[in-house]
Amino acid sequence: MVLDAVRQAPRAARHWIMHRVAVAGVSGSANQVIELLTGEVVANAVVHGPEHGQVRVAVRIDHRGVRVAVSDESPARPQVQHPEPTAVSGRGMALVEALSRTWGVDLHDGDGKTVWFLVDPEAD
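Residues numbered from 1 in each chain as written. Predicted model: local features only at pLDDT ≥ 70, side-chain atom pairs only at ≥ 80, totals over all residues. Heavy atoms only, no water.

Labelled according to an unreviewed UniProt entry, the protein chain appears under the name ATP-binding protein, originating from Cellulomonas triticagri.

Rendered as structure tokens:
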């Protein structure tokens, strides 16, 4: 899925990913985690990527788990932060770190990055 880097992109990505995982039979808490983390990573791409850029979302569902990859045109690596409880933002990558089995960043030669995470479908 390719989205313009606009405020509505995380919502569109969540709906798209939920359809994909539902068709694959992923349910329960796993699909809720996948929806949440997809929205967080796409929101980061929108906020920290180029203003008029694009965000690409891909999903792979197989015996290894559900892998969601979000690509944008910024080379800046996401940072796991631990903000104060009263902070209004900054928790996205901490959620990814806490709720996924694993996650990472693949840098592209001068052409942005892909942030990905892996969730076990048996997370219920």
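## A closer look at the UniProt feature "domain: Histidine kinase/HSP90-like ATPase" (unreviewed entry) in the protein chain
Feature annotation in UniProt assigns "domain: Histidine kinase/HSP90-like ATPase" (unreviewed entry) to the following positions: residues 11–117. Annotated as 39% helix and 26% strand, the span residues 11–117 places its first and last C-alpha atoms 18 Å apart. (UniProt positions renumbered as here; feature names shortened; annotations may be inferred. Helix = DSSP H or I, 4+ residues; strand = E, 2+ residues; numbered from the N terminus.)

## Description of the side chain of Ser100
Tracing the chain through its elements places Ser100 in the loop between helix H3 (92–99) and strand E4 (102–107). Judged by relative accessible area, which is 8%, Ser100 ranks as buried. Within the structure, Ser100 has its side chain in polar contact with the backbone oxygen of Val96 (distance 2.6 Å). Among the polar contacts made by the side chain of Ser100, one reaches the main-chain carbonyl oxygen of Thr102 at a distance of 3.3 Å. (Buried < 20%, exposed > 50% of the residue type's maximum accessible area, 1.4 Å probe, protein only. Polar contact = N/O pair within 3.5 Å; in protein donor to acceptor, adjacent residues only side chain to side chain.)

## Quick look at the environment of Ser27
Position of Ser27 among the secondary structure elements: in the loop between helix H1 (9–23) and helix H2 (28–48). Taking the C-alpha atoms as reference, Ser27 lies 22 Å from Gly92; in sequence the two are 65 residues apart.

## Brief notes about the packing of H1 against H2
Between H1 and H2, the least distance of the axes is 8 Å, while the angle of their chain directions is 150 degrees. The two elements H1 and H2 meet at a crossing, and its hand is right-handed. Counted together, Ala9, Pro10, Ala13, Arg14, Ile17, Met18 and Val21 of H1 and Asn31, Ile34, Glu35, Thr38, Gly39, Val42, Ala43 and Val46 of H2 form the full contact between these two elements. A per-class count over the contact of H1 with H2 returns 10 nonpolar, three polar and two charged. (Axes fitted to C-alpha atoms, helices over the stretch in contact; angles between N-to-C directions. Left-handed = near helix turned anticlockwise from the far one by under 90°. Contact = heavy atoms within 4.5 Å. Nonpolar A, V, L, I, M, F, W, Y, C, P; charged D, E, K, R; others polar.)

## Considerations on the packing of H2 against H3
With their axes 9 Å apart at the nearest point, H2 and H3 run at an angle of 145 degrees to one another. Like other packed secondary-structure pairs, H2 and H3 cross with a definite hand, here left-handed. Between H2, through Val33, Leu36, Leu37, Glu40, Val41 and Asn44, and H3, the contact on the second element is made entirely by Gly92, Met93, Leu95, Val96 and Leu99. Tallied by class, the residues present in the contact of H2 with H3 amount to eight nonpolar, two polar and one charged.

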